Amino acid sequence: MQFEPKQIALKNGKIATLRAPRAEDAAALLSCVKQCFGETDFLSRYPDEFNLTAEQEATFIARTLASPTQLMIVCEVDGEIVGNTSFQATPLRKMAHRAQVAISICQSFWGLGIGTAMFAELIDAARAAGLSQLELEYVEGNDRGRTIYDKMGFRVYGERPNAIRLADGTMKSEILMVKQL
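The model shown is predicted, which means the values in this text are computed figures rather than measured ones. (Residues numbered from 1 in each chain as written. Predicted model: local features only at pLDDT ≥ 70, side-chain atom pairs only at ≥ 80, totals over all residues. Heavy atoms only, no water.)

## Focus: the sheet that holds strand S2 (residues 15–19)
Here is step 1: With mixed pairing, eight strands are arranged side by side in an open sheet as S1-S2-S3-S4-S5-S6-S8-S7. Since the sheet does not close on itself, it has two edges, and those belong to strand S1 (6–9) and strand S7 (155–165), each with one partner. Pairwise comparison of adjacent strand axes, ignoring direction, gives a mean angle of 25° for this sheet.
Here is step 2: Here four bridges tie S1 to S2, and the two strands are oriented antiparallel to one another. Looking at S2, one finds that Ile-8 is bridged to Ala-16. (Pairing = 2+ DSSP bridges. Helix = DSSP H or I, 4+ residues; strand = E, 2+ residues; numbered from the N terminus. Axes fitted to C-alpha atoms, helices over the stretch in contact; angles between N-to-C directions.)

Here it is, written out as structure tokens:
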């Protein structure tokens, strides 16, 4: 699915561009995501578990852009990709009204309004695509994430206990959230 570029003013005075990824972004996008995995325990993987090649990522980007049920938006600041968000719906008719949402932002860009702006665009695009429900999971203790999810209208509907085991053995629940469009 395509996304028309938009510029947003960040809280630090810089301008960010929200746009669809391009094949030539593959290496930079991989680098950004891998960096995000290393900056927080609240994402699904550790950096060493994320080993896609730039070619594989470029193929994924091409499939996403061509798909009527998937959308990815990247955030670029000063020519650098600093975050991304996406939704992925299933083509199965019984569940085609639902999409899974994901977001990651490099830590040095937290608190600047990027997450709110990306989520607002994602929600608008989901509505335009005919979706009626967005779903996400977040790791227990991710208060920053929970604040934005609440702000964007998601509500808790369940908990998956001990879903995440951190490297130090700590167990965390996954909190399940949904937003009706």
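## Observations concerning the packing of helix H3 (residues 114–128) against helix H4 (residues 143–151)
Here is step 1: At a closest axis distance of 10 Å, the pairing of H3 and H4 adopts a crossing angle of 40°. In terms of axis orientation, H3 runs oblique to H4. For the pair H3 and H4, the sense of crossing is right-handed. Note on element contacts: H4 touches H3 through Ile-148, Tyr-149 and Lys-151, opposite Gly-115, Thr-116 and Phe-119.
Here is step 2: When its residues are assigned to classes, the contact of H3 with H4 shows three nonpolar, two polar and one charged. (Parallel < 35°, antiparallel > 145°, perpendicular 65-115°, else oblique. Left-handed = near helix turned anticlockwise from the far one by under 90°. Contact = heavy atoms within 4.5 Å. Nonpolar A, V, L, I, M, F, W, Y, C, P; charged D, E, K, R; others polar.)

## Brief notes about the packing of helix H1 (residues 26–39) against helix H2 (residues 54–66)
Here is step 1: Here H1 crosses H2 at 100°, and the two axes come no closer than 8 Å. Compared by their axis directions, H1 and H2 come out roughly perpendicular. Along its contact with H1, which presents Ala-26, Ala-27, Leu-29 and Leu-30, the element H2 presents Ala-54, Glu-57, Ala-58 and Ile-61.

## Topic: the pairing of strand S6 (residues 133–139)
Here is step 1: Across the seven residues that make up S6, a large majority, six, are buried.
Here is step 2: Sheet topology note: the strand S5 (residues 98–105)/S6 ladder contains three bridges and is parallel. Considered in S6, the bridge of Gln-100 is made with Glu-135.
Here is step 3: Regarding the hand of the β-α-β motif, the stretch spanning S5, H3 and S6 is right-handed.
Here is step 4: Note: S6 against strand S8 (residues 171–180), seven bridges, orientation antiparallel. (Buried < 20%, exposed > 50% of the residue type's maximum accessible area, 1.4 Å probe, protein only. Right-handed = clockwise from strand over helix to strand, strands pointing away.)

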